Amino acid sequence: MKIPLDIAALGARAAAMIDELGAISASPDHLTRLFLTPEHRRAADIVARWMAEAGLAVSEDAMGTVRGHWHPAGRDAPRLLIGSHIDTVVNAGKYDGPMGVILGILAVQEMVRAGFRPPYGIDVLAFGDEEGTRFPTTLSASSAVAGVFPPASLAAVDAEGISLRDALVAYGKNPDEIPAAAYDPGKVIAYVEAHIEQGPVLEAEGEPLGVVTAIAGASRLSVTVTGEAGHAGTVPMRMRRDALLGASEMALAVERIAKADPHGMVATVGRMHVEPGSINVIPSRVVFTIDLRSSSDMSRREALTRFEREAHRIADQRHLGVVISAFHEVATVPCYRDLQLRLRNAVADLGHRAPSLPSGAGHDGQAMSKLCPIGMLFVRCRNGVSHNPAEYTSPDDMGLAAAALIRFIERFQLPQLDSSTSGAPT
Ligand SMILES: [Zn+2]
(Lines give C-alpha, C1' and ligand atoms only; values in the text may rest on other atoms or scores of the structure.)
Protein backbone atom coordinates (compact mmCIF):
# COMPACT_ATOMS: atom_id res chain seq x y z
CA MET A 1 0.00 0.00 0.00
CA LYS A 2 1.02 3.57 -0.53
CA ILE A 3 0.08 5.80 2.36
CA PRO A 4 -1.82 8.86 1.09
CA LEU A 5 0.17 12.02 1.70
CA ASP A 6 -1.06 15.55 2.28
CA ILE A 7 2.26 17.38 2.20
CA ALA A 8 0.80 20.81 2.93
CA ALA A 9 -1.03 19.47 5.99
CA LEU A 10 2.08 17.66 7.25
CA GLY A 11 4.10 20.86 6.82
CA ALA A 12 1.52 22.96 8.66
CA ARG A 13 1.51 20.51 11.58
CA ALA A 14 5.31 20.46 11.69
CA ALA A 15 5.43 24.28 11.71
CA ALA A 16 2.90 24.48 14.57
CA MET A 17 4.91 21.96 16.60
CA ILE A 18 8.15 23.84 15.86
CA ASP A 19 6.54 27.02 17.21
CA GLU A 20 5.26 25.28 20.34
CA LEU A 21 8.72 23.88 21.21
CA GLY A 22 10.43 27.10 20.11
CA ALA A 23 8.53 29.00 22.79
CA ILE A 24 10.19 26.97 25.56
CA SER A 25 13.26 28.89 26.59
CA ALA A 26 15.28 30.03 29.57
CA SER A 27 14.85 33.58 28.31
CA PRO A 28 11.71 35.43 27.18
CA ASP A 29 13.76 37.34 24.58
CA HIS A 30 15.45 34.52 22.72
CA LEU A 31 15.58 30.74 22.49
CA THR A 32 18.01 29.00 24.85
CA ARG A 33 17.26 25.45 25.98
CA LEU A 34 20.18 23.67 27.59
CA PHE A 35 20.61 20.05 28.66
CA LEU A 36 18.95 19.00 31.95
CA THR A 37 17.41 22.40 32.69
CA PRO A 38 13.75 23.12 33.59
CA GLU A 39 13.29 24.11 29.92
CA HIS A 40 14.62 20.74 28.80
CA ARG A 41 12.08 19.11 31.16
CA ARG A 42 9.19 21.12 29.70
CA ALA A 43 10.24 20.39 26.12
CA ALA A 44 10.67 16.67 26.91
CA ASP A 45 7.16 16.59 28.41
CA ILE A 46 5.65 18.14 25.27
CA VAL A 47 7.54 15.70 23.03
CA ALA A 48 6.31 12.81 25.22
CA ARG A 49 2.73 14.07 24.87
CA TRP A 50 3.06 14.29 21.07
CA MET A 51 4.49 10.79 20.94
CA ALA A 52 1.63 9.40 23.01
CA GLU A 53 -0.92 11.21 20.82
CA ALA A 54 0.75 9.69 17.74
CA GLY A 55 0.25 6.20 19.14
CA LEU A 56 3.75 5.61 20.52
CA ALA A 57 4.53 4.08 23.93
CA VAL A 58 6.74 6.61 25.73
CA SER A 59 9.69 6.08 28.07
CA GLU A 60 12.69 8.13 29.14
CA ASP A 61 16.20 6.80 29.71
CA ALA A 62 18.79 7.66 32.36
CA MET A 63 20.29 10.43 30.18
CA GLY A 64 16.91 12.11 29.68
CA THR A 65 16.35 10.89 26.11
CA VAL A 66 12.63 10.67 25.38
CA ARG A 67 11.83 7.50 23.48
CA GLY A 68 8.62 6.79 21.62
CA HIS A 69 8.18 3.13 20.75
CA TRP A 70 5.98 1.73 18.02
CA HIS A 71 6.09 -2.04 17.76
CA PRO A 72 3.54 -3.30 15.24
CA ALA A 73 5.63 -6.47 14.79
CA GLY A 74 5.98 -7.22 18.49
CA ARG A 75 8.40 -6.02 21.14
CA ASP A 76 11.16 -8.38 20.09
CA ALA A 77 11.20 -7.30 16.44
CA PRO A 78 14.23 -5.28 15.27
CA ARG A 79 13.96 -1.50 15.48
CA LEU A 80 14.48 1.34 13.08
CA LEU A 81 15.56 4.42 15.06
CA ILE A 82 14.56 7.94 13.98
CA GLY A 83 15.68 10.93 16.02
CA SER A 84 17.39 14.21 16.65
CA HIS A 85 17.92 16.57 19.59
CA ILE A 86 15.78 19.04 21.55
CA ASP A 87 18.57 21.02 23.24
CA THR A 88 19.74 24.26 21.63
CA VAL A 89 22.67 26.65 21.64
CA VAL A 90 22.32 30.06 23.33
CA ASN A 91 20.15 32.43 21.24
CA ALA A 92 19.23 29.59 18.91
CA GLY A 93 16.88 28.98 16.00
CA LYS A 94 13.79 26.79 16.35
CA TYR A 95 14.55 24.14 13.71
CA ASP A 96 18.03 22.78 14.48
CA GLY A 97 17.23 19.51 16.26
CA PRO A 98 13.50 19.69 17.11
CA MET A 99 12.56 19.39 13.42
CA GLY A 100 14.03 15.87 13.18
CA VAL A 101 12.15 14.70 16.27
CA ILE A 102 8.88 16.25 15.06
CA LEU A 103 9.18 14.75 11.56
CA GLY A 104 9.81 11.31 13.08
CA ILE A 105 6.68 11.60 15.22
CA LEU A 106 4.56 12.82 12.28
CA ALA A 107 5.81 10.01 10.04
CA VAL A 108 4.86 7.34 12.57
CA GLN A 109 1.54 9.04 13.27
CA GLU A 110 0.63 8.86 9.57
CA MET A 111 1.55 5.17 9.43
CA VAL A 112 -0.53 4.37 12.48
CA ARG A 113 -3.49 6.28 11.04
CA ALA A 114 -3.19 4.53 7.69
CA GLY A 115 -3.03 1.11 9.35
CA PHE A 116 0.41 0.44 7.84
CA ARG A 117 2.31 -2.24 9.73
CA PRO A 118 6.00 -2.72 8.90
CA PRO A 119 7.64 -6.01 9.91
CA TYR A 120 9.84 -4.14 12.39
CA GLY A 121 9.45 -1.55 15.13
CA ILE A 122 10.22 2.15 15.04
CA ASP A 123 11.59 4.13 17.97
CA VAL A 124 11.58 7.93 17.80
CA LEU A 125 14.35 9.42 19.98
CA ALA A 126 14.59 12.98 21.34
CA PHE A 127 18.16 13.49 22.56
CA GLY A 128 18.99 16.23 25.07
CA ASP A 129 22.69 16.94 24.58
CA GLU A 130 23.79 17.39 21.00
CA GLU A 131 25.00 20.98 21.08
CA GLY A 132 27.37 20.50 24.01
CA THR A 133 26.50 24.01 25.21
CA ARG A 134 26.00 23.45 28.94
CA PHE A 135 28.77 20.95 29.70
CA PRO A 136 32.12 20.50 27.96
CA THR A 137 30.77 17.20 26.67
CA THR A 138 28.76 16.54 23.57
CA LEU A 139 26.52 13.78 22.26
CA SER A 140 26.20 12.30 25.75
CA ALA A 141 22.54 11.35 25.17
CA SER A 142 23.14 9.57 21.86
CA SER A 143 26.36 8.05 23.23
CA ALA A 144 24.36 6.47 26.06
CA VAL A 145 21.86 5.05 23.56
CA ALA A 146 24.76 3.73 21.45
CA GLY A 147 26.39 2.20 24.55
CA VAL A 148 29.57 4.29 24.25
CA PHE A 149 29.04 6.95 26.92
CA PRO A 150 32.35 7.47 28.77
CA PRO A 151 31.61 7.44 32.55
CA ALA A 152 34.43 9.98 33.08
CA SER A 153 32.18 12.58 31.43
CA LEU A 154 29.95 12.53 34.53
CA ALA A 155 32.59 14.68 36.23
CA ALA A 156 32.33 17.44 33.59
CA VAL A 157 31.08 20.70 35.13
CA ASP A 158 29.00 23.56 33.70
CA ALA A 159 29.71 27.29 34.11
CA GLU A 160 28.12 27.20 37.58
CA GLY A 161 30.32 24.34 38.75
CA ILE A 162 27.50 21.76 38.61
CA SER A 163 28.69 18.36 37.46
CA LEU A 164 26.88 16.34 34.83
CA ARG A 165 26.33 13.69 37.51
CA ASP A 166 24.65 16.17 39.89
CA ALA A 167 22.59 17.69 37.07
CA LEU A 168 21.30 14.23 36.15
CA VAL A 169 20.34 13.52 39.74
CA ALA A 170 18.59 16.91 40.00
CA TYR A 171 16.73 16.00 36.79
CA GLY A 172 15.48 12.87 38.55
CA LYS A 173 17.87 10.41 36.92
CA ASN A 174 20.12 7.71 38.32
CA PRO A 175 23.55 7.89 36.63
CA ASP A 176 24.17 4.25 37.55
CA GLU A 177 21.43 3.31 35.11
CA ILE A 178 23.14 4.89 32.07
CA PRO A 179 24.53 1.55 30.79
CA ALA A 180 20.94 0.24 30.63
CA ALA A 181 20.11 3.04 28.15
CA ALA A 182 22.15 1.24 25.48
CA TYR A 183 20.36 -0.60 22.68
CA ASP A 184 21.33 -4.13 21.79
CA PRO A 185 23.16 -3.72 18.43
CA GLY A 186 21.63 -6.99 17.29
CA LYS A 187 18.15 -5.50 17.59
CA VAL A 188 18.77 -2.24 15.72
CA ILE A 189 18.42 -1.95 11.94
CA ALA A 190 19.59 1.63 11.42
CA TYR A 191 19.42 5.21 12.69
CA VAL A 192 17.93 7.86 10.43
CA GLU A 193 17.84 11.59 11.14
CA ALA A 194 16.27 14.51 9.32
CA HIS A 195 18.01 17.82 10.06
CA ILE A 196 18.20 21.30 8.61
CA GLU A 197 21.19 21.61 6.31
CA GLN A 198 22.78 24.53 8.24
CA GLY A 199 24.44 25.55 4.98
CA PRO A 200 23.47 27.17 1.65
CA VAL A 201 23.96 24.29 -0.82
CA LEU A 202 20.37 22.99 -1.18
CA GLU A 203 19.00 26.52 -1.51
CA ALA A 204 21.53 27.27 -4.24
CA GLU A 205 20.57 24.05 -6.05
CA GLY A 206 16.87 24.81 -5.75
CA GLU A 207 16.17 21.49 -4.03
CA PRO A 208 14.24 21.09 -0.77
CA LEU A 209 15.93 17.85 0.37
CA GLY A 210 19.41 16.36 0.22
CA VAL A 211 21.04 13.09 1.21
CA VAL A 212 24.07 13.26 3.48
CA THR A 213 27.13 11.28 2.34
CA ALA A 214 29.17 11.64 5.53
CA ILE A 215 29.55 13.70 8.65
CA ALA A 216 32.85 15.45 8.04
CA GLY A 217 35.79 14.78 10.29
CA ALA A 218 37.47 17.75 11.92
CA SER A 219 40.86 18.82 13.20
CA ARG A 220 41.46 21.81 15.40
CA LEU A 221 44.90 23.32 15.82
CA SER A 222 46.42 26.01 17.94
CA VAL A 223 49.35 27.81 16.28
CA THR A 224 51.76 30.00 18.24
CA VAL A 225 54.02 32.33 16.28
CA THR A 226 56.80 34.18 18.09
CA GLY A 227 58.81 37.14 16.86
CA GLU A 228 60.23 40.19 18.54
CA ALA A 229 58.51 43.27 19.93
CA GLY A 230 59.89 46.64 18.93
CA HIS A 231 59.07 50.31 18.47
CA ALA A 232 56.63 50.86 15.59
CA GLY A 233 58.48 54.02 14.64
CA THR A 234 62.12 53.08 14.89
CA VAL A 235 62.66 49.50 13.68
CA PRO A 236 63.12 49.42 9.86
CA MET A 237 60.80 47.05 7.97
CA ARG A 238 63.65 44.77 6.79
CA MET A 239 64.84 44.26 10.38
CA ARG A 240 61.51 43.27 11.89
CA ARG A 241 60.37 39.90 13.17
CA ASP A 242 56.64 40.61 13.12
CA ALA A 243 54.67 37.65 14.50
CA LEU A 244 51.34 38.93 13.15
CA LEU A 245 52.55 39.20 9.56
CA GLY A 246 53.83 35.64 9.76
CA ALA A 247 50.55 34.43 11.27
CA SER A 248 48.61 36.25 8.54
CA GLU A 249 50.62 34.57 5.83
CA MET A 250 49.98 31.20 7.51
CA ALA A 251 46.22 31.91 7.61
CA LEU A 252 46.29 32.59 3.87
CA ALA A 253 48.20 29.33 3.39
CA VAL A 254 45.37 27.48 5.19
CA GLU A 255 42.85 29.06 2.82
CA ARG A 256 44.93 28.07 -0.23
CA ILE A 257 45.26 24.46 0.97
CA ALA A 258 41.50 24.10 1.63
CA LYS A 259 40.54 25.66 -1.72
CA ALA A 260 42.79 23.23 -3.59
CA ASP A 261 41.13 20.20 -1.99
CA PRO A 262 38.81 18.18 -4.28
CA HIS A 263 36.64 16.96 -1.35
CA GLY A 264 35.19 20.35 -0.45
CA MET A 265 37.46 20.90 2.54
CA VAL A 266 36.65 23.94 4.66
CA ALA A 267 39.15 25.72 6.89
CA THR A 268 38.60 28.60 9.28
CA VAL A 269 40.93 30.78 11.30
CA GLY A 270 38.36 31.97 13.82
CA ARG A 271 40.46 33.33 16.62
CA MET A 272 43.70 35.30 16.66
CA HIS A 273 45.27 36.74 19.77
CA VAL A 274 47.98 39.37 19.28
CA GLU A 275 50.56 40.35 21.91
CA PRO A 276 51.37 42.83 23.22
CA GLY A 277 48.38 44.21 21.29
CA SER A 278 49.52 47.80 21.25
CA ILE A 279 49.08 50.31 18.39
CA ASN A 280 52.74 51.33 18.41
CA VAL A 281 54.46 48.03 19.15
CA ILE A 282 55.48 45.34 16.61
CA PRO A 283 53.58 42.15 17.55
CA SER A 284 55.86 39.68 19.31
CA ARG A 285 53.53 36.75 19.78
CA VAL A 286 50.38 35.57 18.04
CA VAL A 287 48.23 32.57 18.90
CA PHE A 288 45.58 31.55 16.36
CA THR A 289 43.26 28.61 15.83
CA ILE A 290 42.52 26.53 12.76
CA ASP A 291 39.34 24.49 12.30
CA LEU A 292 39.69 22.13 9.35
CA ARG A 293 36.92 19.83 8.12
CA SER A 294 36.63 17.36 5.29
CA SER A 295 34.59 14.29 4.43
CA SER A 296 37.87 12.59 3.55
CA ASP A 297 40.09 11.80 6.53
CA MET A 298 42.98 11.15 4.20
CA SER A 299 42.85 14.56 2.56
CA ARG A 300 42.39 16.19 5.96
CA ARG A 301 45.58 14.52 7.19
CA GLU A 302 47.44 15.49 4.03
CA ALA A 303 46.26 19.08 4.43
CA LEU A 304 47.61 19.16 8.00
CA THR A 305 51.01 17.93 6.80
CA ARG A 306 51.05 20.53 4.04
CA PHE A 307 50.11 23.28 6.48
CA GLU A 308 52.89 22.30 8.87
CA ARG A 309 55.42 22.44 6.04
CA GLU A 310 54.11 25.83 4.87
CA ALA A 311 54.04 27.28 8.39
CA HIS A 312 57.67 26.31 9.00
CA ARG A 313 58.72 27.69 5.60
CA ILE A 314 57.00 31.02 6.37
CA ALA A 315 58.48 31.12 9.89
CA ASP A 316 62.00 30.41 8.55
CA GLN A 317 61.72 33.14 5.92
CA ARG A 318 60.62 35.68 8.50
CA HIS A 319 62.94 34.48 11.30
CA LEU A 320 60.00 33.59 13.52
CA GLY A 321 59.33 30.67 15.82
CA VAL A 322 56.26 28.51 15.28
CA VAL A 323 54.68 25.78 17.42
CA ILE A 324 51.65 23.86 16.15
CA SER A 325 49.53 21.73 18.44
CA ALA A 326 46.44 19.71 17.57
CA PHE A 327 43.88 19.72 20.37
CA HIS A 328 40.81 18.14 18.79
CA GLU A 329 40.42 15.38 16.26
CA VAL A 330 37.20 13.70 15.09
CA ALA A 331 37.13 11.10 12.32
CA THR A 332 34.72 11.27 9.41
CA VAL A 333 31.58 9.16 9.83
CA PRO A 334 30.30 7.91 6.47
CA CYS A 335 26.58 7.47 6.02
CA TYR A 336 25.64 3.95 4.98
CA ARG A 337 25.50 3.73 1.18
CA ASP A 338 22.38 1.58 1.13
CA LEU A 339 20.54 4.07 3.35
CA GLN A 340 21.66 6.95 1.11
CA LEU A 341 20.19 5.13 -1.86
CA ARG A 342 16.92 4.37 -0.07
CA LEU A 343 16.54 7.97 1.10
CA ARG A 344 17.25 9.24 -2.43
CA ASN A 345 14.63 6.87 -3.88
CA ALA A 346 12.10 8.04 -1.29
CA VAL A 347 12.72 11.67 -2.30
CA ALA A 348 12.54 10.72 -6.00
CA ASP A 349 9.08 9.25 -5.28
CA LEU A 350 8.02 12.78 -4.39
CA GLY A 351 9.41 14.19 -7.65
CA HIS A 352 12.63 15.68 -6.29
CA ARG A 353 16.30 15.07 -6.95
CA ALA A 354 17.95 15.00 -3.47
CA PRO A 355 21.54 16.09 -4.16
CA SER A 356 24.28 14.34 -2.17
CA LEU A 357 26.25 16.48 0.20
CA PRO A 358 28.50 16.05 3.24
CA SER A 359 27.61 17.50 6.62
CA GLY A 360 30.18 19.97 7.85
CA ALA A 361 28.44 20.16 11.24
CA GLY A 362 28.47 17.43 13.88
CA HIS A 363 25.35 15.37 14.63
CA ASP A 364 24.04 12.63 16.93
CA GLY A 365 24.68 10.23 14.03
CA GLN A 366 28.38 10.35 14.95
CA ALA A 367 27.62 8.58 18.23
CA MET A 368 24.88 6.42 16.71
CA SER A 369 27.30 5.11 14.08
CA LYS A 370 28.95 3.13 16.90
CA LEU A 371 25.66 1.24 17.28
CA CYS A 372 24.33 0.80 13.74
CA PRO A 373 24.36 2.07 10.14
CA ILE A 374 23.28 5.72 9.91
CA GLY A 375 21.51 7.78 7.28
CA MET A 376 20.68 11.50 7.18
CA LEU A 377 18.26 13.61 5.24
CA PHE A 378 19.00 17.34 4.97
CA VAL A 379 16.25 19.91 4.64
CA ARG A 380 16.84 23.28 2.95
CA CYS A 381 17.06 26.27 5.29
CA ARG A 382 16.86 29.92 4.33
CA ASN A 383 20.22 31.55 3.50
CA GLY A 384 21.94 28.53 5.06
CA VAL A 385 21.59 30.21 8.45
CA SER A 386 21.57 28.22 11.73
CA HIS A 387 22.46 28.70 15.41
CA ASN A 388 20.71 32.01 14.99
CA PRO A 389 17.12 33.24 15.57
CA ALA A 390 16.90 33.90 11.80
CA GLU A 391 17.01 30.12 11.14
CA TYR A 392 14.04 29.17 8.93
CA THR A 393 12.74 26.16 7.03
CA SER A 394 9.44 26.47 5.19
CA PRO A 395 6.41 24.37 6.17
CA ASP A 396 6.34 22.99 2.61
CA ASP A 397 9.92 21.73 2.88
CA MET A 398 9.21 20.16 6.27
CA GLY A 399 6.08 18.54 4.84
CA LEU A 400 8.16 17.08 2.02
CA ALA A 401 10.74 15.80 4.50
CA ALA A 402 8.04 14.08 6.57
CA ALA A 403 6.65 12.59 3.36
CA ALA A 404 10.13 11.38 2.36
CA LEU A 405 10.52 9.65 5.74
CA ILE A 406 7.14 7.97 5.22
CA ARG A 407 8.06 6.78 1.71
CA PHE A 408 11.45 5.62 3.05
CA ILE A 409 9.81 3.53 5.80
CA GLU A 410 7.17 2.20 3.42
CA ARG A 411 9.78 0.93 0.99
CA PHE A 412 11.87 -0.45 3.83
CA GLN A 413 10.10 -3.78 3.88
CA LEU A 414 13.07 -6.00 4.58
CA PRO A 415 14.70 -5.27 7.91
CA GLN A 416 17.99 -6.16 6.21
CA LEU A 417 20.35 -3.61 4.79
CA ASP A 418 22.39 -4.43 1.75
CA SER A 419 25.84 -4.52 3.31
CA SER A 420 27.48 -5.19 -0.07
CA THR A 421 27.04 -1.49 -0.80
CA SER A 422 27.94 -0.30 2.69
CA GLY A 423 31.04 0.88 0.95
CA ALA A 424 34.31 2.32 1.91
CA PRO A 425 34.36 5.68 3.63
CA THR A 426 34.41 8.47 1.07
ZN1 LIG B 1 21.45 19.99 15.37
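Residues numbered from 1 in each chain as written. Predicted model: local features only at pLDDT ≥ 70, side-chain atom pairs only at ≥ 80, totals over all residues. Heavy atoms only, no water.

Undergrad: Would you take a moment to explain the coordination of the zinc ion for this structure?
TA: Ideal donor angles around a metal are set by the shape: a four-donor tetrahedron calls for 109.5 degrees, a six-donor octahedron for 90 or 180 degrees. Coordination of the zinc ion by the protein is provided by His 85 (NE2), Asp 96 (OD) and His 195 (NE2), with metal-donor distances spanning 1.9 to 2.2 Å. In primary-sequence terms, the residues that donate to the zinc ion follow H-x10-D-x98-H. With Asp 96 in the loop between strand E3 (79-85) and helix H3 (98-114) and His 195 in strand E5 (residues 188-196), the pair connects residues that are 99 residues apart, well separated along the chain. Owing to a relative accessible area of 5%, Asp 96 belongs among the buried residues under this scheme. Note on His 195: relative accessible area 1%, which makes it buried. (Donors = N, O, S within 2.8 Å, 3.2 Å for Na, K, Ca; no water. Helix = DSSP H or I, 4+ residues; strand = E, 2+ residues; numbered from the N terminus. Buried < 20%, exposed > 50% of the residue type's maximum accessible area, 1.4 Å probe, protein only.)

Undergrad: Just to check I follow, could you spell out unusual backbone geometry for this structure?
TA: The phi angle of most residues is negative, glycine excepted, and most peptide bonds adopt the trans form. A cis amide bond links Glu 275 to the next residue, Pro 276, at an omega of 0°. If you trace the backbone, Pro 276 turns up in the loop between strand E9 (272-275) and strand E10 (285-294). The phi dihedral of His 387 is positive, around 55°, even though this residue is not glycine. Classification of His 387 by relative accessible area gives partly exposed; the value is 39%.

Undergrad: Help me understand helix H7 (residues 243-259) in this model?
TA: Because the α-helix completes a turn every 3.6 residues, residues three or four places apart line up on one side. Here H7 is 17 residues long and its end C-alpha atoms lie 25 Å apart, about the 24 Å a rise of 1.5 Å per residue gives. Three or more residues of H7 are buried, namely Ala 243, Gly 246, Ala 247, Met 250, Ala 251, Ala 253, Val 254, Ile 257 and Ala 258. Relative to the axis of H7, the buried residues are bounded by an arc of 155° and lie together on one face. Across from the buried face of H7, at angles greater than 90 degrees, the exposed residues are Leu 252 and Lys 259. (Expected span 1.5 Å × (residues − 1). Arc of directions from axis to C-beta.)

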